[in-house]
Amino acid sequence: MTLPCGNTTCSLDAAEGCCWDNYGLLSNDKGSCVTGPVNNDNCNTLQVGYGPETRIDCQSSAQCSAGAVCCGRRVKYYANQKKYDVYDQVTCESTCSANNVTLCIPNVTVCPLIVSQNGNVQTICKPSQLLPSGYFVCGNP
């Protein structure tokens, strides 16, 4: 199995993840393949205290073990007096909490209901604005 990573493709079979810099804040090359644990893969995520990059280990729940969901943890990154929305990680999790985002496959994944002030809202699968081309997330219609 593979993961799209900007202008390259990473191999899940080789235990590679994608390191994605959506805003190009750290490098002109937005995507690269990385290996190893998150704290030692040279991907500068907030998860390890450095920067705005995203460590991506799945594109959809189909790449996760049975019952797990591919989930993006959305956070804020502040640099040069600007605020950026980023995912610090996209990983297979047992559940995807309310503040995080479920990754999906258009016309395949049933996206979750979310609770809002106006009642429950059925999220829809749409292209991600924060991940490489080919990634979709469950979001508000």
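Just above sits the structure.
What counts, and at which threshold
Residues numbered from 1 in each chain as written. Predicted model: local features only at pLDDT ≥ 70, side-chain atom pairs only at ≥ 80, totals over all residues. Heavy atoms only, no water. Phe/Tyr/Trp six-rings, centres within 6.5 Å; stacked < 30°, edge-to-face > 60°. Helix = DSSP H or I, 4+ residues; strand = E, 2+ residues; numbered from the N terminus. Buried < 20%, exposed > 50% of the residue type's maximum accessible area, 1.4 Å probe, protein only. Pairing = 2+ DSSP bridges. Axes fitted to C-alpha atoms, helices over the stretch in contact; angles between N-to-C directions. Polar contact = N/O pair within 3.5 Å; in protein donor to acceptor, adjacent residues only side chain to side chain. Contact = heavy atoms within 4.5 Å.

Draft legend 1. Structural detail: the packing of aromatic side chains. Enumeration over the complete set of coordinates arrives at two aromatic pairs. Their ring planes at 55 degrees and their centres at 4.8 Å tell us that tyrosine 23 and tyrosine 84 sit as a pair that is tilted. Within this pair, whereas tyrosine 23 is found in the loop between strand S3 (16-20) and strand S4 (31-35), its partner tyrosine 84 is found in strand S7 (residues 82-93), the two being separated by 61 residues in sequence. For the pair tyrosine 77 and tyrosine 84, a centre-to-centre distance of 6.3 Å together with 40 degrees between the ring planes defines the contact as tilted. Here the two residues tyrosine 77 and tyrosine 84 agree in accessibility, since each one is buried. Members of the aromatic cluster, connected to one another through ring pairs, are Tyr23, Tyr77 and Tyr84.

Draft legend 2. Here's a closer look at the sheet that holds S4. Strand order in the open sheet formed by eight strands is S4-S3-S5-S7-S6-S8-S12-S11, with mixed pairing between adjacent strands. Lying at the two open borders of the sheet, with one neighbouring strand each, are S4 and strand S11 (124-127). Strand-to-strand twist across the sheet, computed as the mean angle between neighbouring axes with direction ignored, equals 35 degrees. Judged from the two bridges that link them, strand S5 (residues 54-56) and S7 form a sheet pairing that is parallel. The partner of isoleucine 56 across the bridge, within S7, is valine 90.

Draft legend 3. Quick look at the side chain of asparagine 22. Mapping asparagine 22 onto the fold places it in the loop between S3 and S4. Owing to a relative accessible area of 15%, asparagine 22 belongs among the buried residues under this scheme. A distance of 3.3 Å separates the side chain of asparagine 22 from the side chain of tryptophan 20, its partner in a polar contact. Residues in contact with asparagine 22, not counting those within four places in the same chain, are Lys30, Gln129, Leu130 and Leu131.

Read these as geometric descriptors, not functional statements.
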